[in-house]
Amino acid sequence: MIFVAFAALLTVGCTNSAQNEKGTATDTSPQVMEPVMTREDTINAMAMAFAKQESGFNHLAVSPCGQWVGCLQLSEIMVREANRIVGFGCFNYDDRYDRQGSYAIFKIVQQHHNKNLDIDRAIDLWNPHCNASYRENVKKYFSENILNYSTLEDYYEIL
């Protein structure tokens, strides 16, 4: 008889707890996910910021003195530095007029000398004697590129 009473209490207790259990509130609003920027995305956004500042995206641009050319206003020294980093002469001076060539040189130099891809370090590497206006413009363009990266047209994409 004690056994039957215990079994009855156990059965009633199990069925009542399921009926009285409070529901867990769930969030039904859609989750907004921030896009994750890869290193490649960051370099690309950075290079586009420099191209906008340096040449207004003109891959045929030449500085008044003729020393800097292309969309990123590359010097011959920058081409030699990229070749030194990769260990052989894969770039030539004409690559400065090519968007993809310029981007490759920029990427190699930045990734070698700017491991954290910091925009201030990038500016120091690219134009060490720039004025405050240049620095602020590049930082502003870079921030805009990062914020709008998912809808940004890739200037360096192969046509």
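These numbers come from a predicted model, not from an experiment.

Colleague: Whenever I open this one, the packing of aromatic side chains confuses me. Can you help?
Modeller: Here a ring pair, both rings aromatic, is described through the centre-centre distance and the interplanar angle of the planes. In this structure the tally under the stated criterion is six aromatic pairs. Between Phe-50 and Phe-106, the aromatic rings sit 5.5 Å apart at their centres with planes inclined by 55°, giving tilted as the arrangement. With Phe-50 in helix 2 (residues 39-55) and Phe-106 in helix 4 (residues 99-113), this residue pair connects regions lying 56 residues apart in the sequence. Cluster of aromatic residues (ring-pair linked, three or more members): Phe-57, Tyr-103, Tyr-155 and Tyr-156. The side chain of Arg-99 reaches across the aromatic face of Tyr-155, ending 5.0 Å from its centre.

Colleague: Where do I start with the environment of Ala-104 in this structure?
Modeller: With respect to the helices and strands, the residue Ala-104 is situated in helix 4. The class of Ala-104 is partly exposed, set by a relative accessible area of 24%. In the structure, Ala-104 is positioned 22 residues away from Ala-82 in sequence and 8.7 Å away in space, judged by C-alpha atoms.

Colleague: Even after reading the chapter, I still don't get the layout of surface pockets, so can you show me in this structure?
Modeller: If you roll a probe as big as a water molecule over the atoms, it shows you where there is empty space left. Roughly 190 Å³ of volume is contained in the largest pocket. What lines the largest pocket is Glu-54, Gln-67, Trp-68, Gln-73, Leu-74, Ser-75, Ile-77, Met-78, Leu-125, Trp-126, Asn-127 and Pro-128. For the lining of the largest pocket, the secondary-structure elements that each account for two or more residues are helix 3 (76-86) and helix 5 (119-126). Among the residues making up the lining of the largest pocket, the classes are represented as seven nonpolar, four polar and one charged.

Colleague: Got a minute to help me understand the side chain of Asn-114 in this structure?
Modeller: Its location among the elements puts Asn-114 in the loop between helix 4 and helix 5. The exposure class of Asn-114 is buried, given its relative accessible area of 3%.

Colleague: Can you walk me through helix 6 (residues 132-147) in this structure?
Modeller: An α-helical segment advances 3.6 residues per turn. Residues three or four places apart therefore align on the same side. Compared with an ideal rise of 1.5 Å per residue, which puts 16 residues at 22 Å, helix 6 spans 22 Å between its outermost C-alpha atoms and is within 8% of the ideal. All buried positions along helix 6 are accounted for by Tyr-134, Val-138, Tyr-141, Phe-142 and Asn-145. Buried positions in helix 6, seen along its axis, are confined to an arc of 100° and lie on one side of it. Exposed and facing more than 90 degrees away from the buried side of helix 6 are Ala-132 and Leu-147. Check the buried side of helix 6 and you find it contacts helix 2 and helix 5. For helix 6, the capping residue at the N-terminal end is Asn-131, with a side-chain oxygen 3.2 Å from the backbone nitrogen of Ser-133.

Rules used in this analysis
- Residues numbered from 1 in each chain as written.
- Predicted model: local features only at pLDDT ≥ 70, side-chain atom pairs only at ≥ 80, totals over all residues.
- Heavy atoms only, no water.
- Phe/Tyr/Trp six-rings, centres within 6.5 Å; stacked < 30°, edge-to-face > 60°.
- Helix = DSSP H or I, 4+ residues; strand = E, 2+ residues; numbered from the N terminus.
- Lys NZ or Arg CZ within 6 Å of the ring centre and 35° of its normal.
- Buried < 20%, exposed > 50% of the residue type's maximum accessible area, 1.4 Å probe, protein only.
- 1 Å grid on protein atoms, 1.4 Å probe; cavity = no way out; pocket = protein on both sides within 12 Å on 5 of 7 lines; lining within 4 Å.
- Points joined across faces, edges and corners; volume = space filled by probe spheres on them.
- Nonpolar A, V, L, I, M, F, W, Y, C, P; charged D, E, K, R; others polar.
- Expected span 1.5 Å × (residues − 1).
- Arc of directions from axis to C-beta.
- Contact = heavy atoms within 4.5 Å.
- Polar contact = N/O pair within 3.5 Å; in protein donor to acceptor, adjacent residues only side chain to side chain.

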